[in-house]
Amino acid sequence: MYHFIRSSQDSSCGDLFGETFHCLGAVAVLQVGRSPREPDDMKALAEKLDRRHGWLLRTVVISVLLGTCMLSGLAQSRGRLSGVVRNASGAAVAGVAVIVTNQVTSGIWHVSSRMDGTYSIRLPPGAYRIKVAAPYAAKFEKGKDYGEFSRPLGDELENVIIEAGKDTNVDISVEESKPEELPKTKEAEPTGYGGKKSIQSEPQPAPDRREVRDRWRVGFPEYDRYGDRGARGRDIPFKKGRWWDPYNQSVLKGDYPIKGNKTFLIFSAVSTSIVEQRRAPSPSGVSAANPLSGEFFGQPEQFAINQTLQLSFELFHGDTAFRPRDWAIKISPTFSIPNYVNARENGIINIDVRRGTNRTDTHVSLEEAFAEMKLRDLSPNFDFISVRAGIQPFISDFRGFIFSDNNLGARFFGSLRNNRYQYNGAFFSMLEKDTNSGLNRFDTRHQHVYVANLFRQDFIREGYTIQGSLHYNDDRASIKYDRNGFLVRPALIGDARPHSIKVGYIGISGDGHLGRLNLTHSYFYAFGRDDRNPIAGRSVRVKSNMAAVEASVDHDYLRFKGSFFFAQGDANPTDAKATGFDAILDDPNFVGGQFSFWNRNGIRLTQTGVGLVQPNSVLPSLRSSKIQGQANFVNPGIFIYNAGVDAEITQRVKAIFNVNYLRFHRTESLEYILFQNHIRHEIGWDYSLGVEYRPFLTNNLQLTFGASTLQTGLGFRDIFTNRARNCPPNIGDFCEPAVINPAKPLYSLFAQLKLVF
């Protein structure tokens with residue numbers, strides 16, 4: 001037995017992945033009674049053990065041998081840290097507790113110095129921090145060589161690298177502290193920028209005891225993934241931050257409380273800079289900037305620069321991320337500084353043609369200013385009901401087809417059945433909008449909007465949400481001129497008298513995925529009354545429909561999608577029925593969204609005071625202004641067929657391609673207001689490309705580029721003058737536009753820089 005153990009130790013069985021198999025082979029001898037190297041001795045030993053003491057003794061011997069092998073292997077896979085502990089005079093100091101901490105695993109080892117001041121300990125490979133326990137304090141001097149990557153930090157030494165099978169020597173200089181001056185244990189810092197403590201703790205009673213009342217700022221142990229911080233760069237998940245760092249956790253971003261354990265502050269700032277160039281039909285009027293312009297069309301190019309800065313301050317009270325907050329106050333002052341447009345044509349930026357073709361103005365607004373209060377918890381799983389009052393953002397459906405705005409109102413909202421149901425009940429007393437920036441003004445208009453909706457998550461299948469909604473638009477009669485002097489209420493067309501609109505919307509929408517298929521759809525039915533529609537010249541009863549659907553499939557980094565949008569048109573613009581569909585205040589993210597030419601650019605109808613389509617809308621509603629005018633339900637309606645692909649080219653770059661084919665549903669209303677006997681249905685082909693670039697892999701810096709073109713169709717050319725169809729004989733040169741030819745593609749180019757703190 002002795003001979004076997006000795007020979008197994010001499011065979012260097014400590015290598016866990018190599019020579020350890022020699023030991024395991026020896027253990028196997030005890031089980032089968034045979035060894036190829038010493039068959040007689042081993043067999044005799046096995047038979048003797050089995051005969052005298054049975055399998056119990058054999059099992060004990062096997063366990064001892066395995067333990068010996070493993071310990072020997074661990075010893076050889078470790079390195080050694082050693083050194084001498086001395087005081088300031090250079091004398092050796094015994095009984096000093098040396099504390100060694102692994103900077104990756106946070107494992108801690110203790111060893112005491114011997115009578116001659118030496119200490120020695122075997123450690124797994126890695127990076128370590130060294131310090132000593134009270135009543136002593138270590139003194140590690142800057143500039144002194146403690147190792148290639150070591151970093152002295154006064155009473156601690158970091159990045160001491162231990163390698164397998166090698167010795168690392170670190171001598172420690174210490175000084176003894178007086179009992180009343182026990183060194184405090186260094187407190188681990190929270191991640192990010194924690195700021196000052198929100199609750200002060202009691203003084204530390206002992207070096208290894210500390211009270212922490214501010215539970216949000218409990219420090220994280222240092223985590224260095226590769227154990228050689230400073231050698232191959234810093235890869236530290238629990239990173240310490242600075243106040244100006246918007247990416248990591250910060251007290252300014254609501255990650256840490258500013259008072260107590262439940263009161264938080266969120267400060268954010270968003271800067272949006274947009275530069276845009278476009279070519280679209282522009283009316284010239286009788287005072288054209290270019291005397292060679294035709295009677296109706298001026299110079300079509302427009303250039304714009306818009307800089308918007310929004311600051312947000314939000315104070316809220318709550319417990320955790322799972323429980324809805326108890327109350328909140330938020331205010332977001334917004335500055336348009338500046339808003340510049342060069343229209344190259346008179347009468348576009350202002351009704352007074354003496355103002356010329358350029359405009360630069362500024363505007364200050366409040367886009368958010370509300371207070372929120374939780375009324376009650378409805379279940380142990382934090383279902384709740386809350387109320388929010390003030391200027392607040394609200395989107396009534398998934399894609400913003402009916403109402404999407406920041407406006408003054410009150411809203412009840414919450415959840416039921418473990419958040420399976422969400423609901424909203426909202427009332428808005430609409431504020432006037434600034435004509436040029438689109439931001440809120442500080443005066444109200446005579447319009448009330450009511451919205452109620454209910455969401456049901458995981459409807460039919462998990463991952464698919466359905467929504468039912470009710471809207472009511474009470475837009476009362478009023479007279480309003482915008483900041484540029486144009487009449488926007490009522491629209492300056494037909495019977496331009498003040499009129500009231502009382503229209504409701506009932507709709508059902510869905511969004512989510514059914515297996516691999518991503519699906520979004522909406523249907524809305526509008527009903528109500530316009531007491532004197534300006535185009536019809538009479539009171540009309542509103543009955544109209546809208547439908548939209550988008551389906552997409554993901555394949556690797558690509559998303560292939562197809563969409564369809566329909567808004568009903570009016571077949572008889574002078575009867576008592578208004579069947580053209582219009583929204584309250586839409587901002588749809590659909591069929592290309594902001595990148596689509598038709599969606600992004602408002603196109604005015606010449607000499608009518610209304611637009612064919614408004615900016616950030618897909619509806620040909622024939623209203624004076626989307627943000628200041630009134631809904632109009634005598635309009636042509638539209639069909640939009642879309643095909644597109646989104647490509648995540650890299651983690652930083654995303655490309656969005658879309659092709660839209662557009663057709664009017666009915667053209668009778670256009671023929672009536674333009675005095676044209678026949679307008680065809682084809683609007684044209686809309687091609688768009690968008691690129692989104694995030695250079696730092698975060699949303700704190702975003703660059704967006706867009707390019708789109710509209711290849712006009714026959715109906716669009718009919719509207720904006722076609723020499724062959726609409727010009728009397730012998731005066732063709734007068735009818736032919738001098739600058740714009742509708743047969744040529746129209747285009748829009750823009751670049752946007754967004755900075756978020």
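Treat the numbers as computed from the prediction; the structure is a model and nothing was measured.

**Quick look at the packing of aromatic side chains**
If you walk through the whole model with that rule in mind, you get 28 aromatic pairs. Chaining the aromatic ring pairs together yields one cluster made of Phe 564, Phe 566, Phe 639, Tyr 641, Tyr 661, Trp 685 and Tyr 687. Directly above the ring of Phe 370 sits Arg 388, whose terminal nitrogen or CZ lies 4.2 Å from the centroid. In this arrangement the basic side chain of Arg 600 is found over the ring face of Phe 750, its NZ or CZ atom lying 3.7 Å from the centre.

**Points about the pattern of salt bridges**
Counted under the stated rule, the structure contains 32 salt bridges. Of the charged contacts, one joins Arg 483 and Asp 361 as a salt bridge, the two residues approaching to 3.4 Å between their closest N and O atoms. Taken together, the positions of Arg 483 in the loop between β21 (480-481) and β22 (487-489) and Asp 361 in strand β15 (residues 358-377) put the pair 122 residues apart, joining distant regions of the chain. Notably, a salt bridge pairs Lys 433 with Asp 405, separated by 2.8 Å at the nearest N-O pair. Highlighted residues: Lys 433 in strand β18 (residues 421-433) and Asp 405 in strand β17 (residues 404-416), separated in sequence by 28 residues. Judged on exposure class, the residue Lys 433 and its partner Asp 405 are both buried. Shared partners join several salt bridges into a network, and the residues in it are Asp 361, Asp 434, Arg 441, Asp 443 and Arg 483.

**Looking at unusual backbone geometry**
A cis amide bond links Ala 134 to the next residue, Pro 135, at an omega of 10°. Relative to the elements of secondary structure, Pro 135 occurs in the loop between β5 (126-132) and β6 (136-138). Pro 490 follows Arg 489 through a cis peptide bond whose omega is -5°. Mapped onto the fold, Pro 490 is located in the loop between β22 and β23 (501-514). Even without being a glycine, Asn 419 presents a positive backbone phi close to 70°. Tracing the sequence through the fold places Asn 419 in the loop between β17 and β18. For Phe 675, which is not a glycine, the phi torsion comes out positive at approximately 55°. The residue Phe 675 is located in the loop between α6 (668-674) and β32 (682-693) in this model.

**A closer look at empty space enclosed by the protein**
Counted by the stated rule, this structure contains 3 cavities of 30 Å³ or more. When its volume is computed, the largest cavity comes out at roughly 80 Å³. For the largest cavity, the lining is made up of 13 residues, of which Ala 491, His 499, Pro 534, Gln 630 and Asn 632 are closest to its centre. Partitioned by chemical class, the residues of the lining of the largest cavity number 7 nonpolar, 5 polar and 1 charged. Together, Met 430, Leu 431, Lys 433, Arg 445, Gln 447, Ile 584, Leu 585, Arg 623, Lys 626, Ile 627 and Gly 629 line the second largest cavity. Elements with a minimum of two residues in the lining of the second largest cavity: β18 and β19 (440-456). Ranked by the residues each element gives to the lining of the second largest cavity, the list is headed by β18, at 3 residues.

**Focus: the environment of Gln 200**
For Gln 200, the location among the structural elements is in the loop between β10 (172-176) and β11 (253-259). Judged by relative accessible area, which is 56%, Gln 200 ranks as exposed. Gln 200 sits 12 residues away from Val 212 along the chain, and the two C-alpha atoms are 8.2 Å apart.

**Quick notes on the sheet that holds strand β7 (residues 151-152)**
Read from one edge of the open sheet, 5 strands run β3-β2-β5-β8-β7, paired in antiparallel fashion. The two strands at the open ends of the sheet, each matched to only one other strand, are β3 (108-112) and β7. Looking at chain direction, β7 and strand β8 (residues 157-162) are connected through 2 bridges and run antiparallel. Bridging from a neighbouring strand, Pro 152 pairs with Leu 157 of β8.

**A closer look at the confidence of the model for the protein**
For the protein, the mean per-residue pLDDT works out to 84, and 80% of the residues sit at or above 70. In this model residues 52-72 is a low-confidence stretch, pLDDT under 50, and it forms 26 contacts with partners more than four residues away in sequence or in other chains. Ignoring residues within four places in sequence, the model shows residues 734-740, a span with pLDDT below 50, making 24 contacts including any to other chains.

The rules behind the values
- Residues numbered from 1 in each chain as written.
- Predicted model: local features only at pLDDT ≥ 70, side-chain atom pairs only at ≥ 80, totals over all residues.
- Heavy atoms only, no water.
- Phe/Tyr/Trp six-rings, centres within 6.5 Å; stacked < 30°, edge-to-face > 60°.
- Lys NZ or Arg CZ within 6 Å of the ring centre and 35° of its normal.
- Salt bridge = Lys/Arg side-chain N within 4 Å of Asp/Glu carboxyl O.
- Helix = DSSP H or I, 4+ residues; strand = E, 2+ residues; numbered from the N terminus.
- Buried < 20%, exposed > 50% of the residue type's maximum accessible area, 1.4 Å probe, protein only.
- 1 Å grid on protein atoms, 1.4 Å probe; cavity = no way out; pocket = protein on both sides within 12 Å on 5 of 7 lines; lining within 4 Å.
- Points joined across faces, edges and corners; volume = space filled by probe spheres on them.
- Nonpolar A, V, L, I, M, F, W, Y, C, P; charged D, E, K, R; others polar.
- Pairing = 2+ DSSP bridges.
- pLDDT = per-residue confidence, 0-100.
- Contact = heavy atoms within 4.5 Å.

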